[in-house]
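Tertiary structure, described
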Amino acid sequence: MRLRVALGADHGGFSLKNELSAWLREGHEILDLGAHTLDPADDYPDYAEAVAHAVSSGRSQRGILICGSGVGACIAANKIMGVRACLCHDTYSAHQGVEHDNMNVLCLGARVVGLELAKELVTAFLNATFTSEERHQRRLDKVLAIEQQSLQGLREEREGGAE
Ligand code: RB5
């Protein structure tokens, strides 16, 4: 299935992102949100935010984020509502995370995995779909409820603080 996929990487994932981007363009519509030049001083949250917004807004159906370890990009992306980003360096998690948990952003560590494994991880991720089985939907609804409660808590804190 052809998908709209947003890609992003800091300097740690720059080369791998470019290699994956060229390879993915054969089968998917790619939105490369940078980095567009190698800058050793750039910061992963900037690219994580761009990809996360692309996914949460529906501009892209999936996202792929790459930094040195994949950890920082994953933490940052999950701050955006509606994003379910996970660091997966094994192919089972890369597809099962979509099938059971509706993961929508795959995070990779370019200092951990090589190009060929990265391609297999991306293939597993993009070919998978959420099963929507009752138990998975129930669990996802609970996750979404946590997100909503957290947002509501912040709102109440803000309103309380304004008094
Ligand atoms: C950058 O040196 C590195 O810290 C970053 O790419 C990432 O690994 C953070 O999690």
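Up top you'll find the structure we're talking about.
A few points on the structure. (Residues numbered from 1 in each chain as written. Predicted model: local features only at pLDDT ≥ 70, side-chain atom pairs only at ≥ 80, totals over all residues. Heavy atoms only, no water.)

A closer look at the side chain of S60
Looking at the element boundaries, S60 is found in the loop between α2 (44-56) and β3 (62-67). Those residues in contact with S60 that sit more than four places away from it in its chain are R4, V5, A6, L31, A54 and V55. (Helix = DSSP H or I, 4+ residues; strand = E, 2+ residues; numbered from the N terminus. Contact = heavy atoms within 4.5 Å.)

Section: the packing of aromatic side chains
Across all of its chains, the model carries 0 aromatic pairs by this definition. When the ring centre of F125 is taken as reference, the NZ or CZ atom of R62 above it lies at 5.1 Å. (Phe/Tyr/Trp six-rings, centres within 6.5 Å; stacked < 30°, edge-to-face > 60°. Lys NZ or Arg CZ within 6 Å of the ring centre and 35° of its normal.)

Let's talk about the pairing of strand β2 (residues 29-32)
The alternating pattern of β2 places I30 and D32 on a buried face and E29 and L31 on a face that is not buried. Here strand β1 (residues 4-9) runs beside β2; their pairing, made up of 4 bridges, is parallel. Residue pairing across strands places L7 opposite D32, the latter belonging to β2. In this region the chain leaves β1, passes through helix α1 (residues 14-24) and returns to the parallel neighbour β2; the handedness of that crossover is right-handed. (Buried < 20%, exposed > 50% of the residue type's maximum accessible area, 1.4 Å probe, protein only. Pairing = 2+ DSSP bridges. Right-handed = clockwise from strand over helix to strand, strands pointing away.)

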